[in-house]
Each structure stands twice: as structure tokens, then as C-alpha cells.
Amino acid sequence: METLYEDLHRNPELSYHEEKTAATIAEQLRKLGFAVTTGVGGTGAVGILKNGAGPTVMIRAELDALPVPEKTGLTYASHVTTHDDRGVEVPVMHACGHDLHMSIGIGTATLLAQNKNRWHGTFIYVGQPAEERIGGAKAMLKDGLFTRFPKPDFAVAVHDSNEYPSGTIAYTPGFSAANSDSVDVTIFGVGGHGSRPQATVDPIVLAARTIVSWQTIVAREIDPQDPAVITVGSIHGGTKHNIIPDEVHMQLTVRSYQDDVRKHLLAAIQRIADAEAASANAPKKPIVQVTESVGAVYNDPQLSDRLASVLKQVLGESNVVKGHPIMGSDDFAEYRQFGVPSAMFALGAVEPAKFAAAQKAGENLPGPHSPFFAPDREPSLKTGIETETAVVLELLGRP
Ligand code: ZN
Ligand code: ZN
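Predicted model, so just to flag it, every value in this text is computed and none were measured.

**Some thoughts on the coordination of the zinc ion (ligand 2)**
And then number 1: Protein-derived coordination of the zinc ion (ligand 2) comes from Cys96 (SG), His98 (NE2) and His159 (NE2), at a distance range of 2.0 to 2.3 Å.
And then number 2: Along the chain, the residues that donate to the zinc ion (ligand 2) are spaced as C-x1-H-x60-H.
And then number 3: Take histidine 159: its relative accessible area is 14%, and that puts it in the buried class.

Structure below.
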């Protein structure tokens with residue numbers, strides 16, 4: 001699997017453009033005797049291995065890479081550049097470790113294909129596009145992932161992490177990643193000369209006030225026991241010192257776990273934007289649009305505990321630890337929205353000695369999305385394959 005991993009790492013592709021990657025995965029699965037369908041939800045690949053009557057288990061591996069310039073110095077580092085959807089030339093790197101997840105899945109598929117006497121049922125490898133743009137899972141589901149192909153009884157995934165040493169797996173029963181909504185806001189004013197504010201409605205002052213008021217949503221409206229985040233990640237307005245512009249654009253990311261909290265946050269963002277605009281006598285209401293969304297990752301608690309106890313037997317008690325929820329997001333969440341009990345595991349990917357030294361020094365190590373992130377290759381692959389194989393055998397194993 002190391003050869004496959006290095007090959008995938010050298011040849012990353014951006015979200016929605018994973019043609020070559022999907023072809024590589026499809027070829028690997030076909031060689032193992034899987035029935036393979038490509039082009040599912042864009043570039044998605046689905047491989048099915050049927051082995052008699054029994055439950056159906058899917059594992060998810062993401063196909064896409066990121067516009068990040070690789071700085072790891074590895075012999076198999078990516079030197080790929082491409083044009084993104086805006087036509088801008090960008091570097092491409094598997095900076096999130098999706099190449100690792102794909103290879104782990106193929107390693108697992110190989111062991112299952114070679115050991116058909118040890119399990120029964122249906123195993124599905126889902127090569128999912130565009131995780132980084134939280135659109136690939138939705139696209140595959142819309143294209144019939146659970147209707148054209150057997151609907152799984154369980155869905156499983158691993159994701160590499162710089163928070164644990166290699167050889168370690170973390171499990172998090174319940175919520176492990178957040179609802180994520182990208183919100184675009186345009187605030188309107190009346191532009192004019194910077195020296196004559198009395199003849200304008202200044203959208204920059206209005207935007208500033210709106211941002212400060214939004215901060216009170218989490219601080220004053222949401223139960224402190226319920227996690228919530230509102231971050232204004234971008235704000236653009238105006239062209240030079242002495243011109244008051246007509247409008248200001250903002251881009252927000254909004255995070256939560258509970259669905260009612262999510263609804264409240266989004267409604268409050270609109271309500272406060274409207275009210276601030278009215279108070280400033282703005283010529284029209286702001287436009288507030290949710291442009292990208294994904295639900296929270298919820299690991300079925302019973303399933304997580306069951307699989308964790310199996311992993312403790314396989315990897316050793318001390319190598320299976322309880323993880324902690326984060327406000328990051330992953331569209332693996334979509335599968336449970338269709339009623340499939342699912343579990344996602346964090347896979348330690350840092351060389352243990354390096355990990356211990358960094359902990360001692362109180363330093364942060366490069367993690368997913370960093371140009372310096374380089375998973376501890378062989379041990380991470382091995383632990384990932386052991387994990388997925390043990391999980392599938394637990395769910396599909398012969399009694
Ligand atoms: Zn990522
Ligand atoms: Zn990722």
C-alpha cells in the first residue's frame with residue numbers, strides 16, 4: 001500500500017476534479033474482484049464485494065486534495081499545480097491525508113478479498129469526491145448511492161490527526177464534528193465623499209456594528225452548554241481613503257452541534273443584520289445567504305463503544321483512546337442523515353518520538369491542511385488498515 005500511497009500523494013487533484021484519482025482507485029478495486037461503478041455524484045467511485053448473505057458495511061475514503069503548496073521535502077512530495085475553478089493557478093497537495101485514507105481502504109479491501117472465509121455480507125468501498133468543499137457526499141447520495149447500490153447497515157471512516165501519535169486510534173461516541181454553514185452577507189448603504197458623511201449611509205460603520213452585535217448571539221442568546229461559533233472570516237468594502245462605498249460583503253462560518261442551535265444562529269444573524277440596517281436607515285435590507293452547509297458528525301454511541309472494545313483487543317488497550325469533539329466539519333455526516341449508524345475514528349499520524357518531544361516542549365505539530373503535514377507513513381497505514389479490517393470483521397464476521 002506504500003507504493004499506492006506515494007503514487008496518490010504525488011498526483012493530487014482538487015475537489016470535483018478527482019478523475020485520475022478515481023480511476024486509480026477503480027482499477028485497484030477491480031483487480032481485487034470488486035464490482036466497480038465510477039462517475040457517481042461527479043467523480044465518485046463505488047466498489048462492491050458481495051460475499052453471501054449478511055449485513056452491508058461501507059467505508060468512506062475521500063478522493064480530493066487541497067490548494068496548498070507542499071513543503072514537506074519528502075521524496076514523493078507533490079509538485080503539481082493546476083487551475084482552480086476561478087482560473088487561478090494554484091499548487092495542489094494531499095495536505096489533509098485523503099491519500100492515506102484511500103490507501104488504507106484499499107489495504108482493507110485487499111485483506112477482505114483474500115479472506116472471504118472469515119466474513120459474510122456485502123462490503124462497499126466509497127471513494128467520495130469533494131469532501132473539502134463539503135459537497136461530495138451529498139452529490140453521491142443524490143446520484144443514488146443508497147438506492148442504486150445496497151444501502152449500508154453501517155458506515156465507517158478514519159481521518160488522520162496530528163493530535164495523536166501513530167499507532168493510536170481515537171474514538172468519540174456522539175458528536176465529533178460540527179454543523180457547518182457558510183453564510184454570505186451583503187450590507188447596503190449610500191455611498192459618497194468621505195468628507196461628507198452626512199450625505200451618505202456608511203455601510204462600513206454599519207458592517208462594523210453588525211459584526212459586534214453578532215457576537216452577542218453566542219454570548220447572550222445560546223445556552224452556554226451548547227457549543228456555537230460565529231466567525232466573520234472575510235470583510236470587503238470600499239476602494240480608497242476618501243470614498244464611502246455603497247456596500248460591504250462579508251463571509252461567515254457558523255458552527256454548532258444541535259439542530260435547534262443551528263436554526264437559532266442562522267435566524268439571529270439575519271434578524272440582527274436587518275435590525276442594524278434599519279437603525280442606520282439603510283436603503284435596503286441586507287442579503288443573507290447560506291451558501292454551503294453540512295450537518296454534524298454524530299458517531300452512534302453504541303456502535304462506537306462496540307468497535308472501540310474490538311480495537312482495544314487488536315491494537316492494545318493503551319493504543320485506543322477516547323477522542324474529543326471539535327468544531328471542524330466533515331461531510332461524512334451526510335450518511336447518518338440517511339439513517340445509517342456511523343462511526344468515524346481519528347487516526348494518529350505523528351511519529352511517536354516527535355509527538356512526545358513536541359508535547360514536552362509545548363509545541364504545535366503540523367496537522368491537516370498545513371503545507372508541512374506529513375503523516376508517519378508506514379505505521380499510519382498499518383494502524384489504519386488494522387482498524388478498518390477489525391471493524392469490518394466485527395460487523396460482518398462469521399460467528
Ligand atoms: Zn481537510
Ligand atoms: Zn480531510
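Now that the structure has been shown, we can carry on.
**Quick look at the coordination of the zinc ion (ligand 1)**
In a perfect tetrahedron of four donors around a metal, the angles come out at 109.5 degrees. In a perfect octahedron of six, they are 90 or 180 degrees.
And then number 1: Looking at the zinc ion (ligand 1), the protein donor atoms are Cys96 (SG), Glu132 (OE), Glu132 (OE) and His369 (NE2), and they sit 2.0 to 2.6 Å from it.
And then number 2: Seen from the zinc ion (ligand 1), its four donor atoms lie at angles of 55 to 151 degrees, and the figure they make is irregular.
And then number 3: Mapping the donors of the zinc ion (ligand 1) onto the primary sequence gives the spacing C-x35-E-x236-H.
And then number 4: Between the zinc ion (ligand 1) and the zinc ion (ligand 2), a separation of 3.1 Å is found, and both are coordinated by cysteine 96. Placement of the pair is cysteine 96 in the loop between strand 5 (89-91) and helix 3 (98-114) and glutamate 132 in the loop between strand 6 (121-128) and helix 4 (136-142), with a sequence separation of 36 residues.

**Description of the pattern of salt bridges**
And then number 1: All chains considered together, the criterion is met by 15 salt bridges.
And then number 2: Measuring nitrogen to oxygen at the nearest pair gives 2.7 Å for the salt bridge that ties glutamate 2 to arginine 377. Residue glutamate 2 is found in helix 1 (residues 2-10), and its partner arginine 377 is found in helix 10 (residues 377-396); the two are separated by 375 residues along the sequence.
And then number 3: Owing to a relative accessible area of 26%, arginine 377 belongs among the partly exposed residues under this scheme.
And then number 4: Between arginine 209 and glutamate 276 there is a salt bridge, and its shortest N-O distance comes to 3.4 Å. Of this pair, arginine 209 sits in helix 5 (residues 203-221) while glutamate 276 sits in helix 6 (residues 259-279); the two residues are 67 residues apart in sequence, bridging distant segments of the chain.
And then number 5: On the basis of relative accessible area, glutamate 276 is assigned to the buried category, the value being 14%.
And then number 6: In this structure, a network of salt bridges that share partners links the residues Arg60, Glu62, Asp330 and Asp331.

**Re the domain arrangement of the protein chain**
And then number 1: For the protein chain, the domain assignment lists domain 1 (2-178 + 296-395) and domain 2 (179-293).
And then number 2: Opposite the 13 residues of domain 1 that make contact, domain 2 presents 11 residues.
And then number 3: In total, domain 1 and domain 2 occlude about 930 Å² of area from one another, counting both sides; carbon and sulfur atoms represent 55% of this.
And then number 4: Contact with domain 2 buries surface across domain 1, with Ile134, Phe175 and Met327 losing the most and accounting together for 54% of the total.
And then number 5: Viewed at the interface, domain 2 and domain 1 are joined by zero salt bridges.
And then number 6: Our count for the contact surface shared by domain 1 and domain 2 stands at five residue pairs in polar contact (both at pLDDT 80 or more).
And then number 7: Taken together, the residues of the side of domain 1 that touches domain 2 sort by class into eight nonpolar, two polar and three charged.

The rules we used
- Residues numbered from 1 in each chain as written.
- Chains lettered and ligands numbered in written order.
- Predicted model: local features only at pLDDT ≥ 70, side-chain atom pairs only at ≥ 80, totals over all residues.
- Heavy atoms only, no water.
- Donors = N, O, S within 2.8 Å, 3.2 Å for Na, K, Ca; no water.
- Buried < 20%, exposed > 50% of the residue type's maximum accessible area, 1.4 Å probe, protein only.
- Tetrahedral: all angles 85-135°; square planar, octahedral: opposite > 155°, others 65-115°.
- Helix = DSSP H or I, 4+ residues; strand = E, 2+ residues; numbered from the N terminus.
- Salt bridge = Lys/Arg side-chain N within 4 Å of Asp/Glu carboxyl O.
- Domains from an automatic or database assignment.
- Contact = heavy atoms within 4.5 Å.
- Buried area = accessible area lost by both parts, 1.4 Å probe.
- Polar contact = N/O pair within 3.5 Å; in protein donor to acceptor, adjacent residues only side chain to side chain.
- Nonpolar A, V, L, I, M, F, W, Y, C, P; charged D, E, K, R; others polar.

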